[in-house]
Amino acid sequence: MAEITRKWFKEMSVYQIWTRSFCDSNGDGIGDLPGVYSKLDYIKSLGVDAIWFSPIYPTPNADYGYDISDYKNINPEFGTLDDFKMILDGAHERGMRVFMDLVVNHTSDEHEWFKESSKSVDNPYHDYYIWRKGKGNKPPNNWLSVFEGGAWEYNKNLDEYYLHVFAKKQPDLNMDNPKVREEVKSIMRFWLDMGVDGFREDVITFISKAEGLPNGIPLPVATGVEHYKHGPHLDEYLDEFRAVTNEYDCMTVGEGPMTSLKDAVELCSEGPNQKLDMLISFDHMNADCMVTDWIKLPFNLRKLKNTMTKWQKAMYGRGWNCLYIENHDHARIIDRYGSLKYRVQSGKALATMYFLQCGTPFIYQGQEIGMTNISVDHLYEYKDVMTFNNYRLFSGILHLSEKQFLKLSSKVNRENARTPVQWNSGKNAGFTTADEPWFKINENYKEINVEAAEKDENSLLNYYRKLTKFRKENEIVIYGEYNLLYENSKNLFVYERLYEGQRLLVITSFSENPVKFKAPVGYNLSEGELVLQNYDVIDPGKNDFYTKPYEARVYLFK
Ligand code: NOJ
């Protein structure tokens, strides 16, 4: 069995906050930092050990904070640096760490660097970004952006194009310029010196582009991605950044869309060449879609098991997994992998399934109460650049009407996970006192909200609390080896964890119909303790039974 090292970040659970929709303290309809501060005890009560903030820096909101115009300050819509310091202290006092989002593949076009960069080709900041001459009257290559058609924007004054892999308002930084890397390090130090405990590093695997920026294989979006998804200098640049974080007691989790498992293992492998502590992979989020959430397929449990198991096996004893089933980039999970009819039970099955694997589990705001996706009647109710780009593509290529598009969107759109957190059944779900929240509140808030979940002993919220507690009290959940059982079952996700002579058996059903379960060879359920379950179990020692809809049971064998 592979040796596994102990680290504080392996033992924590993390809560992700997307501030704009978390809690509004000043009645302007937008969530803010004092709102977060007022909920620190609630966050702590979940049993988590850390908070990850999606970007909270000044931004023109072209991509809701992932377009930064000042890296060393706080978005005035959210508050001030002092508000942030209060949270940092408040979190630390409560024994929670705080991680910032480090977005350095691109800035906002309203960042001072970019403004300077656009002034003239001789400007000292010009080379902070990727500017190129066109080819005739065409852009420098055929790359398409992830969000908005072509990846190049023409500047008439300079007669040059700048590269933006995401939206036009998100010009890519030229990481090949050593001055840019020094800026990144200075940003890291600024926050680490303040006391921040690490970073989630946004699309960090995209920061190095292939020499000569060659044409890419034509795709409907992101043409050229093969030339930057793990570019030639990525390792080198990550080493430089790692040297900074090594000076502090902190943690880094990189985001790696399309990063292969092999590359992920290399990036996260412990030892002198380690680049990142963990990597946010997207593979397991494709169990009901193809390549992107928007190309919908029926949910396929075997695909999910297969992918998760590959990552579990490959990382064990080498690197470390980042476990998640929701964040601000994906539609809510219960509508996708679970069942709205069995919202709470399937929410618990999903929670059990991912939380007890080997890795650091992340919970995204609202996931703990089982928030679900919205549906809207008009495109204009949406806010996100990605939605509008997808509308352009789906209405253009597939000729979908607005109505058809909105129907699809209600299942797959990442914006659905960005609706305000539902705190109670009062006005605007207790999110804001304003008449108009910045974004639609899910109509189901009267039923699904924190206050109601607090009162219900069997709520999903209280189940998450049990999970964080159980994980903390049982090292087998943190450090145990993972093996998939029932590999071929289409409806059951069953696995074991093994650690120092103990065994943990995790049984989850992904069906509303009864599924026959028989204890795997070597297991006698009557010898184990049923430690977590989402239904009352009359006879926990019985070795075969039919599952209830989305049943979850966890047995510990000491
Ligand atoms: C990944 C972030 O998670 C996503 O929200 C953002 O749109 C892109 N990176 C661009 O920064």
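Conventions we followed
Residues numbered from 1 in each chain as written. Predicted model: local features only at pLDDT ≥ 70, side-chain atom pairs only at ≥ 80, totals over all residues. Heavy atoms only, no water. Pairing = 2+ DSSP bridges. Helix = DSSP H or I, 4+ residues; strand = E, 2+ residues; numbered from the N terminus. Axes fitted to C-alpha atoms, helices over the stretch in contact; angles between N-to-C directions. Parallel < 35°, antiparallel > 145°, perpendicular 65-115°, else oblique. Left-handed = near helix turned anticlockwise from the far one by under 90°. Contact = heavy atoms within 4.5 Å. Nonpolar A, V, L, I, M, F, W, Y, C, P; charged D, E, K, R; others polar. Salt bridge = Lys/Arg side-chain N within 4 Å of Asp/Glu carboxyl O. Buried < 20%, exposed > 50% of the residue type's maximum accessible area, 1.4 Å probe, protein only. Polar contact = N/O pair within 3.5 Å; in protein donor to acceptor, adjacent residues only side chain to side chain. Near = heavy atom within 4 Å. Areas by Shrake-Rupley, 256 points an atom, 1.4 Å probe, with all protein chains shown as cover.

Caption draft 1: Quick look at the sheet that holds strand 4 (residues 131–132). Strand order across the open sheet formed by 3 strands is 4-6-5, with antiparallel pairing between neighbours. Edge strands, defined here as strands with exactly one partner in the open sheet, are strand 4 and strand 5 (152–155). With 2 bridges connecting them, strand 4 and strand 6 (residues 160–163) associate as antiparallel partners. Within strand 6, the position partnered with Trp131 by the bridge is Tyr162.

Caption draft 2: Looking closely at the packing of helix 11 (residues 385–396) against helix 12 (residues 402–412). Two elements in contact, helix 11 and helix 12, have axes whose closest approach is 11 Å; the angle formed by their N-to-C orientations is 130°. Classed by the angle they form, the pair helix 11 and helix 12 counts as oblique. Crossing of helix 11 against helix 12: the hand is right-handed. Where helix 11 approaches helix 12, its residues Thr387, Asn390, Tyr391 and Phe394 are matched on the opposing element by Glu402, Phe405 and Leu408. Grouping the amino acids of the contact of helix 11 with helix 12 by side-chain chemistry returns 4 nonpolar, 2 polar and 1 charged.

Caption draft 3: Spatial organisation of the pattern of salt bridges. Within the structure shown, the criterion is met by 39 salt bridges. A salt bridge links Asp49 to Lys472, with the nearest nitrogen and oxygen atoms 2.6 Å apart. One end of the pair, Asp49, is in the loop between helix 2 (40–45) and strand 2 (50–53); the other, Lys472, is in helix 14 (residues 460–473), with 423 residues separating them in the sequence. The exposure class of Asp49 is buried, given its relative accessible area of 15%. Given the relative accessible area of 44%, Lys472 is considered partly exposed. The salt bridge involving Glu110 is made with Lys169; its shortest N-O contact spans 2.7 Å. With Glu110 in the loop between strand 3 (97–102) and helix 4 (112–117) and Lys169 in the loop between strand 6 and helix 5 (178–194), the pair connects residues that are 59 residues apart, well separated along the chain. Three or more residues joined by partner-sharing salt bridges are found here, namely Asp63, Asp329, Asp384, Arg414 and Arg418.

Caption draft 4: Structural context of the environment of Trp320. Inspection of the secondary structure assignment puts Trp320 in the loop between helix 8 (301–315) and strand 12 (322–323). Since its relative accessible area comes to 2%, Trp320 is described here as buried. The spacing of Trp320 and Asp89 is 231 residues in sequence and 28 Å in space, taken between C-alpha atoms. Here Thr360 takes part through its side chain, which lies 2.8 Å from a polar atom of the side chain of Trp320.

Caption draft 5: Structural context of the site of the ligand. Of all residues adjacent to the ligand, which total 13 residues, the nearest are Asp63, Arg200, Asp202, His328 and Asp329. Measuring from an oxygen atom of the ligand, one finds a side-chain N or O atom of His106 at 3.0 Å. Glu255 has a polar side-chain atom sitting 3.5 Å from an oxygen atom of the ligand. Compared with its free state, where it exposes 290 Å², the ligand has 97% of that area covered by protein. Among the residues forming the shell around the ligand, the class breakdown is 4 nonpolar, 2 polar and 7 charged.

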